[in-house]
Protein chains: 4
Amino acid sequence: MKPALAQPKGMRSVETSFHVRYAETDAMGIVHHANYIVWFEEARSAFMRAYGTSYRQFESEGVQLAVSEVQARYLAPTVYDQQVTIRCWIEEVQSRKMRFGYQVFDAASTQVFVTGYTEHICITPDGRVTRIPQKWRELFKTTSQNSS
Amino acid sequence: MKPALAQPKGMRSVETSFHVRYAETDAMGIVHHANYIVWFEEARSAFMRAYGTSYRQFESEGVQLAVSEVQARYLAPTVYDQQVTIRCWIEEVQSRKMRFGYQVFDAASTQVFVTGYTEHICITPDGRVTRIPQKWRELFKTTSQNSS
Amino acid sequence: MKPALAQPKGMRSVETSFHVRYAETDAMGIVHHANYIVWFEEARSAFMRAYGTSYRQFESEGVQLAVSEVQARYLAPTVYDQQVTIRCWIEEVQSRKMRFGYQVFDAASTQVFVTGYTEHICITPDGRVTRIPQKWRELFKTTSQNSS
Amino acid sequence: MKPALAQPKGMRSVETSFHVRYAETDAMGIVHHANYIVWFEEARSAFMRAYGTSYRQFESEGVQLAVSEVQARYLAPTVYDQQVTIRCWIEEVQSRKMRFGYQVFDAASTQVFVTGYTEHICITPDGRVTRIPQKWRELFKTTSQNSS
C-alpha cells in the first residue's frame, strides 16, 4: 500500500526541503518520530515567510499562536542525509482556531512518509485565549479555500 | 474550563515523574510541544520497566515496535523546573496494532496539561510489518482491560 | 584505558540520575553527543535545587546566566534505558564568570562516560554582560573551594 | 568587542545555511546552546556532501566516525527565523584522530555567533578504536593544509 501524494486542491501550499540531520535519527536507524513535529513547525515558518510575513512578526504584535493539538501518521521511515520535502497548507480558519496540514514526502518519487495536522489557538501574553487578529485571519483565509 | 484528570478505569497505568529541563522550553517561555511526544515515549519506557521487562529487551528479540500514529492535545503549558508526572497505560491490543494512552499532569493539583495517544505496529529488522509476538501480546493484554 | 572517577576534592557536588531516553539515541545505537550538553544543564538545575534555590529564581531576579563556553570529552558510549548519573560541581567563581564541572558515570561501576565543563556569564535582560550578583556569587563560592 | 570572522587560510571550507527553527529556541528567547553542536554536525554532513561523498557512505563501509571531544564558544546569540551560516573545515588529520573547525555566522554582516571544534576517532562496529581508513584520510588531507 503506497500512499498517494495528496494534492490539497485549491489551496496554496508551500514546500520546504532539507537534508535529514544525524541528530534526528534514533537507535532504530531512522528519524525519531518526534522530529516530524519539529519539521511541521519549520514548514509553518516557511509558509509564513512565503507570504511575506513571519511568525516572528506575529509574535511581535503581542499575540502568540499556541499549538492546541497535533497529529501525525507515520507511513514510511526517513533516514540520515536523505533530502525530504515538507508541504504545508492551511486547512481551516475559524475565529478562535486554525488548522495547518502537512505532508512529508520525497520530491523526486512523490513517496509520502508522514502526514499530519496541527491546530492552533491565539493567546495573549498573559495566557488567555483570544480571537485570531482580523488581519491575520484575512491573510490566512486568502491562502485557504476551506474556510468560510 | 479545567480538564479533569481521567482515571483510566480498570487499567493498570504507570506513572513517571521528572523536572522539566531548560532545553525543553522554547521562546514562548513554555515547554515546546514536540517534547511531550518524547515524554510519552519515556512514559512507555517506564511502563515496560514496571512490568519487569524493557523495550530494549523487546528489540533484542528481533522485532521493533514502530510508532504509526501520534496525537496530543495541549490543555495548559508547563514551564522549566516544574515537576511533571506522565501516566501511561495500554488502551488497546490487536494482533498487528496497539495503542498507548497518556496524561501529563501535576501530581499535587491533578491539573492536566497534555493528553494523547500513540499507536504502534511491529516491524521486522528488514522493515516488514508483522504480528505482535504472542508473548508480548499476552503481556500487554494483562495490563489492559480494553482488549479482547 | 579506563578513566577513573575523579573525586572533586573539597567541592560540594550534586548528583542526579535518570534513565536514557530512546529519543536521545542516534543511528549509531548510542546516545547522540549533543544530548550530554543537555544533561550537563539538567545537572546544573539539580545543583541549584539542592542548594535551596533554583535557576528559575535566578532568572526571576532579572539576570540570566548565559553559557559562554562548553566542552565535553566522550570516553565511552551510553545506550537507551541505561541509568546514568551526572555529577555537577562549581569549579571556579569570578566576578564576571563562573565554571561548572561535570561527570557522567555509572553509579554502580563508577565507569565514567563523559566529562566536561561549562562557563557562564551574567547578562541583563537587554543583553549586556554584567557582574554576577553578589548574593549569587556568595552562594556559589560556599559550594566551591577553587574560588578566591 | 566584535569577533572577527576568521578566514581559515588555505583550507577548503564548506558553508551551509538555514533558518533557525522555533524548536531550537529556549525560554531565554534565543537558540539553546546545545543546538549549535547539532548545527556543527549538520555542517560536517554538508562538508562531506560537498566532497562527493557522505557520512552515510562512510558508515556503509563498516567504520564509524565517533565524536571524542566537542568545544564551543558562544559570542553572540541567534534567534528564531534568523538565517545562519555554518562554515566547516578540517583542522587536522592524524592516523587515529581528526578535528573539524566551525564558525556560525551571519553571511551578510559577517558577525560571528559561535565558534568551535569537534574531534573524532574511528571505531569498528564492535566498538574498538581503529585507524582512520587510508582512503578517507587521503580525502580528508586533500581538504586541509594543517595535516602532514
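Counting of residues starts from 1 at the beginning of each chain's written sequence and follows it residue by residue. Whichever chain is written first becomes A and whichever ligand is written first becomes 1, with later ones labelled in order. In keeping with the model being predicted, local features are shown solely for residues with a pLDDT of at least 70 and side-chain atom pairs are shown and tallied solely at 80 or more, while totals for entire chains, interfaces and linings include all residues. Each side-chain value is worked out from all heavy atoms of the structure, with water and hydrogens disregarded.

**Q** Lay out the packing of aromatic side chains in plain terms, naming residues and giving numbers.
**A** Note on aromatic pairs: the rings of Phe, Tyr and Trp (six-membered ring only in Trp) are paired at centre separations within 6.5 Å, and the planes decide the class, stacked below 30 degrees, edge-to-face beyond 60, tilted for the rest. Under the definition given, this model contains 28 aromatic pairs over all chains. Here the aromatic rings of Phe47(C) and Phe100(C) are separated by 5.8 Å at their centres, their planes lie at 80°, and the arrangement is edge-to-face. One end of the pair, Phe47(C), is in helix H1 (residues 34–50); the other, Phe100(C), is in strand E4 (residues 98–105), with 53 residues separating them in the sequence. Both residues of the pair, Phe47(C) and Phe100(C), count as buried. Relative to Tyr80(D), the ring of Tyr22(D) lies with its centre 5.0 Å away and its plane at 70°, an arrangement referred to as edge-to-face. Numbering of helices and strands runs from the N terminus, with a helix taken as a DSSP run of H or I at least four residues long and a strand as a DSSP run of E at least two residues long. Here the term buried applies to any residue with accessible area under 20% of the maximum for its type, exposed to any over 50%, and partly exposed to those in between, with areas from a 1.4 Å probe on protein chains only.

**Q** A description of the interface of chain C and chain B should follow, citing residues and the corresponding values.
**A** Residue contacts are defined here by distance: any two heavy atoms, one from each residue, within 4.5 Å place the two residues in contact. In this complex, chain C contributes 21 residues to the contact, which on the side of chain B involves 21 residues. By buried area we mean how much accessible surface two parts lose on assembly, using a 1.4 Å probe and totalling the loss over both. Summing the contributions of chain C and of chain B, the shared interface buries around 2000 Å²; its carbon and sulfur component is 45%. What counts as a salt bridge is simple: a side-chain nitrogen of Lys or Arg found within 4 Å of a carboxyl oxygen of Asp or Glu. Between chain C and chain B we count 4 salt bridges in total. Residue Asp81(C) pairs with Arg49(B) through a salt bridge whose shortest N-O separation is 2.6 Å. Counting of polar contacts relies on pairs of N or O atoms within 3.5 Å, with two restrictions inside protein: one atom must be capable of donating a hydrogen and the other of accepting it, and residues adjacent in sequence are counted only when both atoms are side-chain atoms. Where chain C touches chain B, the interface holds 8 residue pairs in polar contact (both at pLDDT 80 or more). Elements with a minimum of two residues in the side of chain C that touches chain B: strand E1 (14–19), H1 and helix H2 (55–60) of chain C. Among the elements that line the side of chain C that touches chain B, the one with the most residues is H1(C), at 6 residues.

**Q** Lay out the relation of the copies chain B and chain A in plain terms, naming residues and giving numbers.
**A** A least-squares superposition brings the copies together, and it is based on the C-alpha atoms of residues with pLDDT no lower than 70 in both. Aligned on chain A, chain B shows an RMSD of 0.0 Å; the corresponding rotation is 180° and the shift along the axis is 0.0 Å. Both copies of the chain, as the preceding transformation shows, are related through a two-fold rotation axis. Closest approach to the rotation axis among the C-alpha atoms of chain B is made by Gln71(B), whose C-alpha sits 2.1 Å away. Residue by residue, 100% of the interface of chain B is reproduced at the interface of chain A, so both copies engage with the same surface.

**Q** Outline the interface of chain B and chain A, supporting the account with residue identities and numerical values.
**A** On the side of chain A, 21 residues touch chain B, which itself brings 21 residues to the contact. Each partner contributes to the roughly 1800 Å² buried at the junction of chain B and chain A, and carbon and sulfur atoms together form 59% of this total. Of the charged contacts in the structure, one is a salt bridge between Glu69(B) and Arg73(A), with a shortest N-O distance of 3.5 Å. Summed over the shared surface of chain B and chain A, the result is 9 residue pairs in polar contact (both at pLDDT 80 or more). For the side of chain B that touches chain A, the elements supplying multiple residues, two or more each, are helix H1 (34–50), helix H2 (55–60) and strand E2 (64–74) of chain B. The biggest single contributor to the side of chain B that touches chain A is E2(B), with 11 residues.

**Q** Account for H1(C), naming residues and giving values.
**A** Side chains of residues three or four places apart in an α-helix project in the same direction, reflecting 3.6 residues per turn. With 17 residues, H1(C) should cover 24 Å at 1.5 Å per step; its first-to-last C-alpha distance of 25 Å lies within 8% of that length. Note on H1(C): the residue one or two positions beyond its end, Gly52(C), has a positive phi of about 75°. One fewer than the residue count of a helix, multiplied by 1.5 Å, yields its expected span.

**Q** Got a sec to walk through the relation of the copies chain C and chain B? Specific residues and values, please.
**A** There are two copies of the chain, and a rotation about an axis plus a shift along that axis relates them. It takes a turn of 180° to lay chain C on chain B, together with a shift of 0.0 Å along the axis; the resulting RMSD is 0.0 Å. When the interface residues of chain C are mapped onto chain B, 100% of them again lie at the interface, so the same face is used by both copies.

**Q** Describe the pattern of salt bridges, listing the residues and the values that go with them.
**A** Residue and element names in this part refer to chain A. Under the defined criterion, the tally for this structure stands at 40 salt bridges over all chains. Arginine 99 serves as the salt-bridge partner of glutamate 119, at 2.7 Å between the closest nitrogen and oxygen. Of this pair, glutamate 119 sits in strand E5 (residues 112–123) while arginine 99 sits in strand E4 (residues 98–105), placing them 20 residues apart in sequence.

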